[in-house]
Amino acid sequence: MNILDQGFFWQNDEHKRKYRLAKWNILCQPKEQGGLGIQNLDLQNKCLLSKWLFKLCNEEGTWQELIRNKYLKNKTLSQIEKKNGFSHFWNGLLGVKDIFLSLGKFKLDNGTQIRFWEDKWLGSQALKIQYPNLFNIVRKKQATMANVLNSTPLNVSFRRALVGNKLLEWQSLVARVAFINLNEGRDTFIWNLNNNGLFSVTSMYKYLVNNGIKVTQEIWHMKVPLKIKIFLWFLKKGVILTKDNLARRNWNGSKACCFCSTPETIQHLFFYCHYASFLWRAVFVLFGINPPRNTNHLFNSWSKLGGSNHNHLLLTGAAAFCWAIWITRNDVVFDKGHPKTFLQVLFRGTYWLRFWALLQRSDDGKERILDACKLLESRAMEFFASHGWSFIYRLEL
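Summary of the structure given here. (Residues numbered from 1 in each chain as written. Predicted model: local features only at pLDDT ≥ 70, side-chain atom pairs only at ≥ 80, totals over all residues. Heavy atoms only, no water.)

1. Details of the pairing of strand β2 (residues 188-191)
Quick reminder of the rule: Each residue gets one of three labels from its accessible area relative to the maximum for its type: buried under 20%, exposed over 50%, partly exposed in between, using a 1.4 Å probe on protein chains only. Numbered from the N terminus, helices here are DSSP runs of H or I no shorter than four residues, and strands are runs of E no shorter than two. Strand pairing requires that DSSP identify at least two bridges connecting the strands.
Only one face of β2 is buried, namely the one carrying Phe 189 and Trp 191, since none of Thr 188 and Ile 190 on the opposite face is buried. Pairing of strand β1 (residues 104-107) with β2, which is carried by four bridges, proceeds in the antiparallel orientation. Within β2, the position partnered with Phe 106 by the bridge is Phe 189.

Pasting the structure below:
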């Protein structure tokens, strides 16, 4: 399923194979952890299968009775392993059994479904982890709670006599279980990821997909089309298909920038090429904001210069300029068109900004974007007019 997802995401319904700009597992990370938040169907399937296991452990019903009679019989869920003769569905459940059991613990009742040493039922870890020296020499490692607690003293035997530290550990363990009694009810499984102890697909998926990384969410908080947010995400990751990135994928074309003879890189195209320099210099002259030096500076420092109330507006403006540069570059590369003038590229950026202004939540944000567009356009036209540019020429975007 993930393969089909990848093909649709990168190629849509086209048959021609296209470049994969990032690993699929990175794209499937949540947005707050640096990904695009695409659902990982493999992990989602594991979570849905685990829901069946939770119902098997905790609920009574026709299908649960059939499964227990056919596959479990007198064994616990923990003792069953995948086998060729089992049904595809049951082998699928057993495939996620270990990770499912590791994320919860059993609540003891009659003790028939809980292994004394190997399941979590006393404390946060199985007894085999809490008492590894005892577990290594015990005879019946898979004994159930019902078997161990059916007599006094405990029905546990070891391969050799307990002396020294091993004896002390055994006495400590016996003291912990001395007052535990079996009941008539069926053992149940408690889900540790939810406070109420009930299983949820969402809690397990978040646990499995979590990479422990937290990133800022300025891109996703912007009020711009989703296509632009993904474009900015690719730009931030440094995987936009500029010619240097294409060359790393064994592309053999010219590596020169289509606007000048300099080798095309992300840093050159969006920050130091003639078109980019003109746009960033216009922002500096009119608003006193120094040009960004690279993508790291753009997203981590430059976009924070507007203050907490206007940072998103500043990044929206930068997105419009970067998008204008990118589509202008693609017009030249793919449509074999002539490079546009500096003023046409600027108007292309303000054209998109005017549309995105309509998406802003507050009227103040909308007015600030529109005022900035008017100021950029009027001052740029005045500048070019003062150097002989004729206003009768049409500004084609």
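2. Concerning the packing of helix α16 (residues 274-287) against helix α20 (residues 363-386)
Quick note on the threshold: Axis definition: a line fit to C-alpha positions, over the contact stretch in the case of helices; interaxial angles, taken between N-to-C directions, run 0 to 180 degrees. Each angle gets one of four labels, with under 35 degrees taken as roughly parallel, over 145 as roughly antiparallel, 65 to 115 as roughly perpendicular, and the rest as oblique. Here a residue-residue contact requires only that any non-hydrogen atoms of the pair lie within 4.5 Å. Residues are sorted three ways: Asp, Glu, Lys and Arg are charged, Ala, Val, Leu, Ile, Met, Phe, Trp, Tyr, Cys and Pro are nonpolar, and all the rest, Gly among them, are polar.
Packing of α16 against α20 brings their axes to within 11 Å, and their N-to-C directions diverge by 105°. By the angle between their directions, the pair α16 and α20 is classed as roughly perpendicular. Contact residues: Phe 278, Ala 282, Leu 286 and Phe 287 in α16; Ala 372, Leu 375, Leu 376, Arg 379 and Phe 384 in α20. Taken together, the residues that form the contact of α16 with α20 break down as eight nonpolar, no polar and one charged.

3. Describing the pattern of salt bridges
Filter applied, for reference: The term salt bridge refers to a pairing of a side-chain nitrogen on Lys or Arg with a carboxyl oxygen on Asp or Glu at a separation within 4 Å.
Inspection of the entire model under this criterion finds 11 salt bridges. Notably, a salt bridge pairs Glu 81 with Lys 97, separated by 3.3 Å at the nearest N-O pair. Taken together, the residues span a long stretch of sequence, with Glu 81 in the loop between α4 (62-72) and α5 (88-95) and Lys 97 in helix α6 (residues 97-102) at a distance of 16 residues. The partly exposed category is assigned to Glu 81, whose relative accessible area is 49%. Overall, Lys 97 belongs to the buried group, its relative accessible area being 1%.

4. Examining the layout of surface pockets
Cut-off, in case you're wondering: Method remark: on a 1 Å grid restricted to protein atoms, a set of points is classed as a cavity if a 1.4 Å probe fits but cannot get out and as a pocket if it is open with protein on both sides within 12 Å along at least five of seven lines; lining residues have an atom within 4 Å of a point. Grid points are joined across faces, edges and corners, and a volume is the space filled by probe spheres set on the points.
Within this model, the second largest pocket holds a volume of roughly 460 Å³. Around the second largest pocket, the lining comprises 18 residues; the ones closest to its centre are Phe 287, Ile 289, Leu 313, Leu 314 and Ala 372. Looking at the lining of the second largest pocket, the elements with two or more residues in it are α16, α18 (311-335) and α20. Considering every element that reaches the lining of the second largest pocket, the biggest residue donor is α18, with five residues. For the lining of the second largest pocket, the residue count by class is 14 nonpolar, three polar and one charged.

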